Amino acid sequence: MLEIRFHGRGGQGAVTASRILALAAFNEGKYVLSFPFFGTERRGAPVTSFTRIDEKRIFLRSQIYDPDAIVILDSSVMGSTDVMKGLKEDGLLVINSSKPPEEFGTGRKVVTVDATSIAIRHNLGSRANPIVNTAILGAFAKADQNVSLDSIVEATRTASPRYGDENAAAVLDAYDSARAGW
Amino acid sequence: MKSMAQTKALVTGNEAAAIGVKLSDVRFISAYPITPQTTIVEKLAEMVANEELDARYVEVESEHSAMTAVFSSELTGVRSYTATSSHGLLYMHEMLHWTAGMRLPIVVSVVNRAIGPPWNIWADQTDSMNQKDTGWLQVYCESNQEVLDTIIMGYRIAEDRSVKLPLMSMEDAFILSHTSEPVTVPDISQVRDFLPEFDLDFTVDFKNPMGYGSYSTPDGPFMELKKDMADSMNKARAVIEKTYRDFSESFGRDYAGLTDNYMMEDAEFALVATGTLASTAKHVVNLLRNEGKKVGLVRVKFFRPFPSEEIVSSLKGLKGAGVIDRSLAFSDGGSLYSEVSASLYRKADVPLTGFVAGLGGRDVRVEEFRKMYEMVEEGSEGIRWINTKGGE
């Protein structure tokens, strides 16, 4: 079973990101669960969401404490929340940041992508509140081969029928420009 | 092949409930929105607006009025539905008694959410456990598939001539209501073959006016009508079993009846739970089985009628059982523990541990399930509070 935890801020699309990833895996015939943890729902507050992927039915319904991957939509939450908590030794960290992965020296596999600039370039959200959830999934696809890039692009289009082309382009841009280091 | 007509979709528990309502040809919906039920009635309002669902949707100013509205529409012979949660369900309480007493087989979805104070929007079954004495059938679901299928089966069971009692179907807040999961969606023609058209013996008829639920003196039919309700609640057991068997045949999905036993064949110890706690418990039973522990799970699916016989036959001869409540009754722990204890009285001598866990949405992790199992194995009796700050 693959367990992924998303951290972001209200309005960035962390909940949708976990659902798009689940949809991509579901379309590949896998069993999935995608669920948010809602605190007080407001823009700007830290938000956590979760995706589980397995070949067989999943019964485990608690939150994710030992993730295989952590996806951070907003690196500023790293100051206020212990986002790394429980990440497996061989786990993966995907961070929305313009910095190179080496600057997040954690001993784990790290991938960084400037999802904010990509989102702005593709007119996703506004300049002040760019929606980075689809771009960050492009970086995830590059670092983790459990779900294919094609499935993520297709699920992104399904989840965003109005801005399907823009979001799909953001996924591909992020896939190309993501930097890996460990 | 009938099962060919079904499609697979990734939906939340609340979407699954709305789809179940649409497939059941519900013709009248009235509701008041409350977190975390809101997305059920939002979806239904959208279906009605898009003419995907040929029903009337009536917004009201409170849950008491919502239940009164569906009560009234059902009395005109129209299949009706509402959904609520937490304080909304408590506000309906008086009308729950009236609906059951009037023998109106309405189906209601309840998204289990904590009761304040303090305010809390997360999973807790105290809201629906509070309604166990209202004469409604109660089902606690463990997956989104079960949420969808229970609406369809629920109308058939409730509307059965020997039952004619309303049914509430529960889903844990967020853990099902807002969680996306693969669900097989039946075709509506398949559902129509399975679920007969709604038929009520005494509907409002303006050409032949009658009084409904009017008045009874102590010597009147009051006590006999209550006994008839209690008898019907017992008759529901056979209807549930038959409906589940027929459902398996028509849709290819197997459901157990009032309880769902998991790895119980050679078990020496058991956990007993409802809703999504039972789902995670199955995961933990698998882990413990891999470590050689002879443990199983009894999932109490129907809380009304209560599966007393099933509990006795499942637990008889075990070295110990742990009953997990995600609700509080102030009797001694929660209602599930009380009713399991009462069922065993003079029928089976099994050491019982009662657990109060996950109130107000506190997450119940694998490690807590392991701890509960260990306490059962050690023969710890009485009530234990799980993962509370300041001890058990």
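The structure we're discussing is the one just above.
Computed from a predicted structure; not experimentally measured.

Peer 1: Explain the overall build of chain B here, please?
Peer 2: What chain B contains, in helices and strands, is 12 helices and 15 strands. In terms of overall dimensions, chain B has a C-alpha envelope of 70 × 55 × 45 Å along the principal axes. Out of the 392 residues belonging to chain B, those deemed buried represent 60%. Looking at chain B alone, contacts between residues at least 24 apart form 82% of all its contacts between residues at least 6 apart. Accessible surface computed for chain B: about 16,100 Å², of which carbon and sulfur atoms make up 52%. Of the charged side chains in chain B, 40 are positive and 56 negative; the average position of the first set lies 3 Å away from that of the second.

Peer 1: How should I be thinking about the interface of chain A and chain B in this particular structure?
Peer 2: Size of an interface: often given as the accessible area lost when the parts come together. The interface of chain A with chain B comprises 22 residues on the first partner and 27 residues on the second. Taken together, the links from chain A to chain B amount to two salt bridges. The interface formed by chain A and chain B includes 13 residue pairs in polar contact (both at pLDDT 80 or more). Within the residue set of the side of chain A that touches chain B, elements represented by two or more residues are α1 (14–27) and β2 (31–37) of chain A. Broken down by element, the residue count for the side of chain A that touches chain B peaks at seven residues, all from β2(A).

Peer 1: Just checking my understanding: could you explain the environment of A:Phe50 for this structure?
Peer 2: Residues and elements named next belong to chain A. Of note, Phe50 is situated in strand β3 (residues 46–54). Taking C-alpha positions, Phe50 is 9.9 Å from Leu21, a pair spaced 29 residues apart along the chain. Non-local contacts of Phe50, meaning those with residues more than four positions away in its chain, are made with Ile4, Arg5, Ser18, Leu33, Ser34, Phe35, Phe37, Gln63 and Ile64.

Peer 1: Before we go on, may I ask you to explain the layout of surface pockets in this structure?
Peer 2: A water-sized probe rolled over the atoms picks out the places where empty space is left. Reported here for the largest pocket is a volume of approximately 990 Å³. A:Gly13, A:Val15, A:Thr16, A:Arg19 and A:Asn133 are the residues nearest the centre of the largest pocket, which is lined by 44 residues in total. Every element with two or more residues in the lining of the largest pocket is listed here: α1, β2, β3, α4 (133–143) and α5 (149–159) of chain A together with α1 (13–23) and α2 (38–49) of chain B. For the lining of the largest pocket, the element with the most residues is α1(A), which contributes six residues. A per-class count over the lining of the largest pocket returns 16 nonpolar, 20 polar and eight charged. What the second largest pocket holds in volume is close to 830 Å³. Around the second largest pocket sit 25 residues that line it, and B:Gly101, B:Met102, B:Arg103, B:Gly213 and B:Leu225 are the ones nearest its centre. At the level of secondary structure, the elements contributing two or more residues to the lining of the second largest pocket comprise α4 (86–101) and α8 (222–251) of chain B.

Peer 1: When you look at the pattern of salt bridges in this model, what are you seeing that I'm missing?
Peer 2: Oppositely charged side chains can form a pair if their charged atoms are brought close together. For the coordinates displayed, the defined rule picks out 35 salt bridges over all chains. Notably, a salt bridge pairs B:Arg253 with B:Asp149, separated by 2.7 Å at the nearest N-O pair. Here B:Arg253, found in the loop between α8 and β9 (259–262), pairs with B:Asp149, found in helix α6 (residues 144–159); they are 104 residues apart in sequence, far enough to count as distant. B:Asp149 carries the same exposure label as B:Arg253, and that label is buried. The partner of B:Arg370 in a salt bridge is B:Glu291, and the shortest N-O contact between them spans 2.7 Å. One end of the pair, B:Arg370, is in helix α12 (residues 366–378); the other, B:Glu291, is in the loop between α9 (275–290) and β11 (295–300), and 79 residues separate them in sequence. Here the residues in one salt-bridge network are A:Arg57, B:Glu142, B:Glu146, B:Asp260, B:Lys282, B:Arg299 and B:Lys301, joined through shared partners.

Peer 1: What am I meant to see in the sheet that holds strand β13 (residues 320–325) of chain B here?
Peer 2: The strands making up a sheet associate through hydrogen bonds between their backbones, and the pairing can be parallel or antiparallel. Residues and elements named next belong to chain B. Strand order in the open sheet made by the six strands is β9-β11-β10-β13-β14-β15, with mixed pairing throughout. This sheet does not close on itself; its edge strands, each paired only once, are β9 and β15 (382–385). Sheet twist, expressed as the average angle between the axes of neighbouring strands with direction ignored, equals 20°. As paired elements, strand β10 (residues 269–273) and β13 share four bridges and run parallel to each other.

Peer 1: What am I meant to see in α12(B) here?
Peer 2: Because each turn of an α-helix spans 3.6 residues, side chains separated by three or four positions end up pointing in the same direction. Residue and element names in this part refer to chain B. Across its 13 residues, α12 extends 18 Å between first and last C-alpha, which sits within 8% of the 18 Å expected from 1.5 Å per residue. Along α12, the residues that are buried comprise Glu368, Phe369, Met372, Tyr373, Met375 and Val376. All buried residues of α12 project into a common sector of 160° when viewed along the axis, lining one side. Residues of α12 that are buried make contact with β10, α9, β11, β13, β14 (352–356) and β15. Looking one or two residues past α12, Gly379 carries a phi angle of roughly 80°, positive in sign.

Basis of the calculations
Residues numbered from 1 in each chain as written. Chains lettered and ligands numbered in written order. Predicted model: local features only at pLDDT ≥ 70, side-chain atom pairs only at ≥ 80, totals over all residues. Heavy atoms only, no water. Helix = DSSP H or I, 4+ residues; strand = E, 2+ residues; numbered from the N terminus. Buried < 20%, exposed > 50% of the residue type's maximum accessible area, 1.4 Å probe, protein only. Contact = heavy atoms within 4.5 Å. Areas by Shrake-Rupley, 256 points an atom, 1.4 Å probe, with all protein chains shown as cover. Lys, Arg positive; Asp, Glu negative; His and termini not counted. Charge placed at Lys NZ, Arg CZ, Asp CG, Glu CD. Salt bridge = Lys/Arg side-chain N within 4 Å of Asp/Glu carboxyl O. Polar contact = N/O pair within 3.5 Å; in protein donor to acceptor, adjacent residues only side chain to side chain. 1 Å grid on protein atoms, 1.4 Å probe; cavity = no way out; pocket = protein on both sides within 12 Å on 5 of 7 lines; lining within 4 Å. Points joined across faces, edges and corners; volume = space filled by probe spheres on them. Nonpolar A, V, L, I, M, F, W, Y, C, P; charged D, E, K, R; others polar. Pairing = 2+ DSSP bridges. Axes fitted to C-alpha atoms, helices over the stretch in contact; angles between N-to-C directions. Expected span 1.5 Å × (residues − 1). Arc of directions from axis to C-beta.

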